[in-house]
Amino acid sequence: MNSPIKHILLVGGTGYIGRHLAVDLGQTYDVWITGRHEPPFPDSRFLALDLESRETFKVLEQQPFDLIIFLAASVCGLDSTSLAHPVFDINAVRYRELLQFMADQGLCSRLLYVSSMTVYAHWNASPVPESAHTLPLHSYGQSKLMAETLTRFFCVRNAIPGMIVRLPGIFGGDRQSGYLYNIARACMKDEPVNIDSSGLGFWEAMEMEDLCRALLLVIETYDWNKGIEVLNISYGEEIDFIEAAFTTKRLCRSISPVTVKKPVGYRPFYMDNARLKALTNFQGTFESGLERFLEGV
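Residues numbered from 1 in each chain as written. Predicted model: local features only at pLDDT ≥ 70, side-chain atom pairs only at ≥ 80, totals over all residues. Heavy atoms only, no water.

A. Molecular detail of the overall build of the protein chain. The helix and strand inventory of the protein chain stands at eight helices and 11 strands. Along the longest, intermediate and shortest principal axes, the C-alpha atoms of the protein chain span 60 × 40 × 35 Å. Looking at the protein chain as a whole, 53% of its 297 residues are labelled buried. Carbon and sulfur atoms make up 50% of the accessible area of the protein chain, which totals about 13800 Å². For the protein chain, the distance from the average site of its 27 positive side-chain charges to the average site of its 34 negative ones is 3 Å. (Helix = DSSP H or I, 4+ residues; strand = E, 2+ residues; numbered from the N terminus. Buried < 20%, exposed > 50% of the residue type's maximum accessible area, 1.4 Å probe, protein only. Areas by Shrake-Rupley, 256 points an atom, 1.4 Å probe, with all protein chains shown as cover. Lys, Arg positive; Asp, Glu negative; His and termini not counted. Charge placed at Lys NZ, Arg CZ, Asp CG, Glu CD.)

And the structure:
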């Protein structure tokens, strides 16, 4: 039986998701974060750890953590299918080295690895369950799938409870870029919106505050004695790339002209969240998340 979760380490806690999740987790737990540079928010417990420098792993020695959440990753490789791409070095090789260090030092009692919807084969029928086929479109997705395999191996061989969560594209928070942000900015100024979906595989489909809420619920309710499982974090509803632009226009009460380049360059794709709903009381929806996001743009 595992002890209650009190002390949490966010590896990559200074990144886009990490800096928001750290604040939310900090309301309930003692949270430490790692990164290459000091975080922008005060009163954080910070450890300078660089995945590309094994010497920095030593900052974790003798640190008591009940749960380690691994967020650190390079997001390059979205336009490549090369196995020689450097994204594999950060997302798989360096991750493997950190896992081995944690095993050698006995540092980890629970592990949550944050993966991506990009590990799925894009031809899966939606909604895509956790058991669906995996065949990434690009090097980034393949690097995340390799890291998932390393996570399973690490947890099973070291008898450490774990979870792999697969996330969709995220929007909102303090990010001032991205598809929905740019659409919203144009609509608020009643400027033209031009949509080109050529070669699109995956897109923004969950708002940051909802993501953090879902992750908090998972941490609180998951039975950490189960071994290791995979869980989709999503709204469980279709968020069409083009329709999202028209929804944004409607919520902004905009008169922006919207032009869509034909043909449409993507297949319908969204993840099933039945297991998430069975585990937690998460009830978020895309439109409610989008409305909240638009209030802050």
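B. Focus on the sheet that holds strand β6 (residues 162-167). Read from one edge of the open sheet, seven strands run β3-β2-β1-β4-β5-β6-β10, paired in parallel fashion. Whereas interior strands pair on both sides, the edge strands pair on one side only; in this sheet they are β3 (45-48) and β10 (228-232). Neighbouring strand axes in the sheet, compared pairwise and without regard to direction, differ in orientation by 20° on average. Strand direction decides the pairing type here: β6 and β10, joined by five bridges, are parallel. Across the sheet, the residue bridging to valine 165 is leucine 231, located in β10. (Pairing = 2+ DSSP bridges. Axes fitted to C-alpha atoms, helices over the stretch in contact; angles between N-to-C directions.)

C. How the structure looks around empty space enclosed by the protein. Going through the model one piece at a time under the given rule, you end up with one cavity of 30 Å³ or more. Roughly 100 Å³ of internal volume is contained in the largest cavity. Taken together, Met117, Pro168, Trp203, Ala205, Ser234, Tyr235, Gly236, Glu237, Ile239, Phe269, Tyr270 and Met271 form the lining of the largest cavity. Of the residues that constitute the lining of the largest cavity, the class distribution is nine nonpolar, two polar and one charged. (1 Å grid on protein atoms, 1.4 Å probe; cavity = no way out; pocket = protein on both sides within 12 Å on 5 of 7 lines; lining within 4 Å. Points joined across faces, edges and corners; volume = space filled by probe spheres on them. Nonpolar A, V, L, I, M, F, W, Y, C, P; charged D, E, K, R; others polar.)

D. How the structure looks around the environment of aspartate 79. Tracing the chain through its elements places aspartate 79 in the loop between β4 (67-70) and α2 (87-105). Residue classification places aspartate 79 among the exposed residues on the basis of a relative accessible area of 72%. Sequence spacing of aspartate 79 and tyrosine 29 is 50 residues, and the spatial spacing of their C-alpha atoms is 38 Å.

E. Expanded view of the packing of helix α4 (residues 179-188) against helix α8 (residues 286-296). Running from N to C, α4 and α8 cross one another at 60°; their axes reach a closest spacing of 11 Å. When the interaxial angle is binned, α4 and α8 end up oblique. Like other packed secondary-structure pairs, α4 and α8 cross with a definite hand, here right-handed. Between α4, through Leu180, Tyr181, Ala184 and Met188, and α8, the contact on the second element is made entirely by Phe286, Leu290, Phe293 and Leu294. (Parallel < 35°, antiparallel > 145°, perpendicular 65-115°, else oblique. Left-handed = near helix turned anticlockwise from the far one by under 90°. Contact = heavy atoms within 4.5 Å.)

F. View of the layout of surface pockets. Here the largest pocket is characterised by a volume of approximately 1400 Å³. As for the largest pocket, its lining consists of 46 residues, of which Tyr16, Ala73, Ser74, Val75 and Tyr140 are closest to the centre. Elements with a minimum of two residues in the lining of the largest pocket: α1 (16-25), β2 (30-35), β5 (111-116), α3 (139-157) and β7 (169-171). Among the elements that line the lining of the largest pocket, the one with the most residues is α1, at four residues. Taken together, the residues that form the lining of the largest pocket break down as 23 nonpolar, 16 polar and seven charged.

G. Spotlight on α4. The buried fraction of α4 amounts to seven of the 10 residues, a majority that puts the element mostly inside the structure. Within the span of α4, buried status applies to Tyr179, Leu180, Tyr181, Ile183, Ala184, Ala186 and Cys187. Where α4 is buried, its residues meet β7, β8 (193-195), β9 (204-207), α6 (241-251) and α8.

H. Examining α3 more closely. A rise of 1.5 Å per residue sets the reference length of α3, with its 19 residues, at 27 Å; its end C-alpha atoms lie 27 Å apart and thus fit the reference within 8%. Listed as buried for α3 are Ser139, Tyr140, Gly141, Ser143, Lys144, Leu145, Ala147, Glu148, Thr151, Phe154 and Cys155. Against α2, β5, β6 and β10 lie the buried residues of α3. (Expected span 1.5 Å × (residues − 1).)

I. Spotlight on unusual backbone geometry. With omega at 0°, the peptide bond leading from serine 126 into proline 127 counts as cis. Tracing the chain through its elements places proline 127 in the loop between β5 and α3. The omega torsion of the bond from lysine 262 to proline 263 falls at 0°, within 30 degrees of zero and hence cis. Inspection of the secondary structure assignment puts proline 263 in the loop between β11 (258-260) and α7 (274-279). Unusually for a residue other than glycine, alanine 159 sits at a positive phi of about 55°. Among the structural elements, alanine 159 can be located in the loop between α3 and β6. In this structure alanine 159 comes out as exposed when scored by relative accessible area, which is 69%. Non-glycine residue arginine 253 carries a positive phi angle of around 50°. Relative to the elements of secondary structure, arginine 253 occurs in the loop between α6 and β11.

Remember that the coordinates give geometry; whether it matters functionally is a separate question.
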